[in-house]
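Per-entry structural report
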Amino acid sequence: MNWISEWALPKIKTLFGAPREVPDNLWHKCPACEQMIFHRDLERNLHVCTHCGHHMRVGARTRMDYTLDEGWQRIELPKAPQDPLRFRDQRRYVERLREAQAKMGQEDAVVVAHGTIEGSRVVVAAFEFSFLGGSMGAGVGEALVTAARLAVLQDAPLIVFTASGGARMQEGAISLMQMPRTVIATRMVKEAGLPFIVVLCDPTTGGVTASFAMLGDVQIAEPGAMIGFAGARVIEQTVREKLPEGFQRAEYLLQHGILDMVVKRGEMRATLARLIGLLRLPERVVAPVAATGEVEALPAPEGPAVPA
Ligand SMILES: [Zn+2]
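Residues numbered from 1 in each chain as written. Predicted model: local features only at pLDDT ≥ 70, side-chain atom pairs only at ≥ 80, totals over all residues. Heavy atoms only, no water.

Helix and strand counts for the protein chain come out as 10 helices and nine strands. Within the span of the protein chain, comprising 308 residues, buried residues form 41% of the whole. (Helix = DSSP H or I, 4+ residues; strand = E, 2+ residues; numbered from the N terminus. Buried < 20%, exposed > 50% of the residue type's maximum accessible area, 1.4 Å probe, protein only.)

Moving on, we get to the packing of helix α3 (residues 60-67) against helix α10 (residues 265-279). Where α3 contacts α10, the two axes come as close as 9 Å, and the packing angle between them is 60°. Considered as vectors, α3 and α10 are oriented oblique to each other. Every residue of α10 that contacts α3 at R63, Y66 and T67 is listed here: R265, R269 and L272. Residue classes in the contact of α3 with α10 are distributed as two nonpolar, one polar and three charged. (Axes fitted to C-alpha atoms, helices over the stretch in contact; angles between N-to-C directions. Parallel < 35°, antiparallel > 145°, perpendicular 65-115°, else oblique. Contact = heavy atoms within 4.5 Å. Nonpolar A, V, L, I, M, F, W, Y, C, P; charged D, E, K, R; others polar.)

It is worth spelling out the coordination of the zinc ion at this point. For the zinc ion, the protein coordination sphere consists of C30 (SG), C33 (SG), C49 (SG) and C52 (SG), at 2.2 to 2.3 Å. One can describe the donor arrangement at the zinc ion as tetrahedral, given that its four donor atoms subtend angles of 107 to 113° at the metal. Donor residues for the zinc ion, ordered by position in the chain, follow C-x2-C-x15-C-x2-C. Residue C30 is located in the loop between β1 (27-29) and β2 (36-38), and its partner C52 is located in the loop between α2 (39-44) and α3; the two are separated by 22 residues in the primary sequence. (Donors = N, O, S within 2.8 Å, 3.2 Å for Na, K, Ca; no water. Tetrahedral: all angles 85-135°; square planar, octahedral: opposite > 155°, others 65-115°.)

Bringing the sheet that holds strand β4 (residues 110-117) into the picture now. What the seven strands build is an open sheet, ordered β3-β4-β5-β6-β7-β8-β9; its pairing is mixed. Whereas interior strands pair on both sides, the edge strands pair on one side only; in this sheet they are β3 (73-74) and β9 (261-262). Pairing geometry for β4 and strand β5 (residues 120-127), over eight bridges, is antiparallel. When the bridges of β5 are listed, G115 appears paired with V122. Docked against the sheet, helix α5 (residues 138-154) engages β4, β5 and β6 (158-164), running at close to 175° with respect to β5. Along the sheet, α10 makes contact with β4, β5, β6, β7 (196-204), β8 (218-221) and β9, crossing β7 at roughly 150°. (Pairing = 2+ DSSP bridges.)

The next thing to look at is the side chain of S211. Positionally, S211 belongs in the loop between α7 (206-209) and β8. The residues contacting S211, other than those within four sequence positions of it, are M136, M179, T182 and V183.

Another aspect to go through is the pattern of salt bridges. Going through the model one piece at a time under the given rule, you end up with 16 salt bridges. Among the salt bridges present, the one from D202 reaches R57, with a minimum N-O distance of 3.1 Å. Of this pair, D202 sits in strand β7 while R57 sits in the loop between α2 and α3; the two residues are 145 residues apart in sequence, bridging distant segments of the chain. In this structure, R63 and E222 form a salt bridge, with 2.8 Å as the shortest nitrogen-oxygen distance. On the criterion of sequence distance, the pair formed by R63 in helix α3 and E222 in the loop between β8 and α8 (232-239) is long-range, its members being 159 residues apart. Residue classification places E222 among the buried positions, given a relative accessible area of 3%. (Salt bridge = Lys/Arg side-chain N within 4 Å of Asp/Glu carboxyl O.)

Our focus in this paragraph is the nonpolar core. Membership of the largest hydrophobic core comes to 42 residues, with the highest contact counts inside it found for V112, V123, F127, L158, V160, F212 and I227. When residues of this core are traced back to their parent elements, those giving at least two are α4 (93-104), β4, β5, α5, β6, α6 (172-191), β7 and α9 (250-255). Ranked by residues supplied to this core, first place goes to α5 with eight residues. Once you skip the residues sitting within four places of it in the chain, V123 turns out to touch V112, A113, H114, A147, L150, A151, Q154, A156, P157, L158 and I159. (Core = buried A, V, L, I, M, F, W, Y, C linked by side-chain atoms within 4.5 Å.)

Turning our attention to the packing of α5 against α6. Where α5 meets α6, the axes come as close as 9 Å, and the angle between the chain directions of the two elements is 5°. Viewed along their axes, α5 and α6 adopt a mutual orientation that is roughly parallel. Contacts between α5 and α6 involve A138, G141, E142, L144, V145, A148, R149, A151 and V152 from the former and I174, Q178, R181, T182, A185, M188 and V189 from the latter. Residues that form the contact of α5 with α6 fall into these classes: 10 nonpolar, three polar and three charged.

Looking along the chain, the bond that leaves D202 and enters P203 is cis, with omega of -15°. With a phi angle near 45°, L132 is a residue other than glycine that sits in the positive phi range. Note that L132 resides in the loop between β5 and α5.

In short, shape yes, function no, at least from these values alone.
Here is the structure:
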C-alpha cells in the first residue's frame, strides 16, 4: 500500500477526468433503408423506422408494453419436459436452451400475459424471436395451451403475436405434435364463443404458419412481415419458376386474400380494441348445447327457399 496509488493517482484522475464512456448503441441503422436513427426517436416511434416506415423486430415484452394498458401481468407457465430426446448437434440442446433462458429471462419462446386494451380484458401470447428463433417445441405448446385456458377462464379474447422460424427441430416429433395441440387449444377459445385474433409479425414461418397461426377469427399482419411455410428459394427450386415480387410479404398475402388486414404498429392497439368491441357483444348469445347422444336440430336456413 502506498500513498501514490491510494491517494495521489485517484486525485489526478478526477482532475483530468477519466475518458468518458460513450455507449455505442445510441444510433441504430435501419436494415431496410440503411439510414441512422437516434435510439430515442426509434423508441418513441415503436421501433418503426422514421425514414422509411420499416417495422423492426421487437421482443415479446416490448410487444406487451405497446399493446396492453399499463399494469399487465405475466403468467407463470407450467414446466415442459426439457430436451426429451437428449438431442445434440455441435452442442447439446439443453445447453442452448439454458443459455437462451438465462439471456432472455423466460422459460421458452412465448410470453403469456393478461391485462386490458383500452379497458377491455384480454389474454395475450407473444413469441420472442430472439429465443431460439421463436421455434415451437413443447414449451411453446404449453404456453399456448395455458393462454387459451386462461382466456376461457377469464372469458376474455385471445390475441397471439407470432414470430417464429417454425418447429423446434431439436425436439423432433414432439415439436410437430405441438401443431395439432395448439390448434385444439385455440379451438377451445372459439368454442367458448370468444374472439381469437392472430397478429403475424416478421417472420412467421414453418409449423407455426401451418397450425394455429392461420386460424384466427381475424388475421392481422404487420407491414412488410415475412409470412410463409417454406422459404422462397425452396419453393422456387421445387416449382422451377421465378416467384413474383413481394412474395410471402404481408401486403402480397393481403392482396391474395390470406389476411384480413395489414396494420401499422402505431395503430395496432386501437385496431385491436375496435375489433374486440365489434366481436364481443355485451350480452353474448350462447346457443343451448344438446345433451350427449341427443341429436341437435339444426335451425332452418333463413331467406327464400331454393326453388326445386
Ligand atoms: Zn428505414
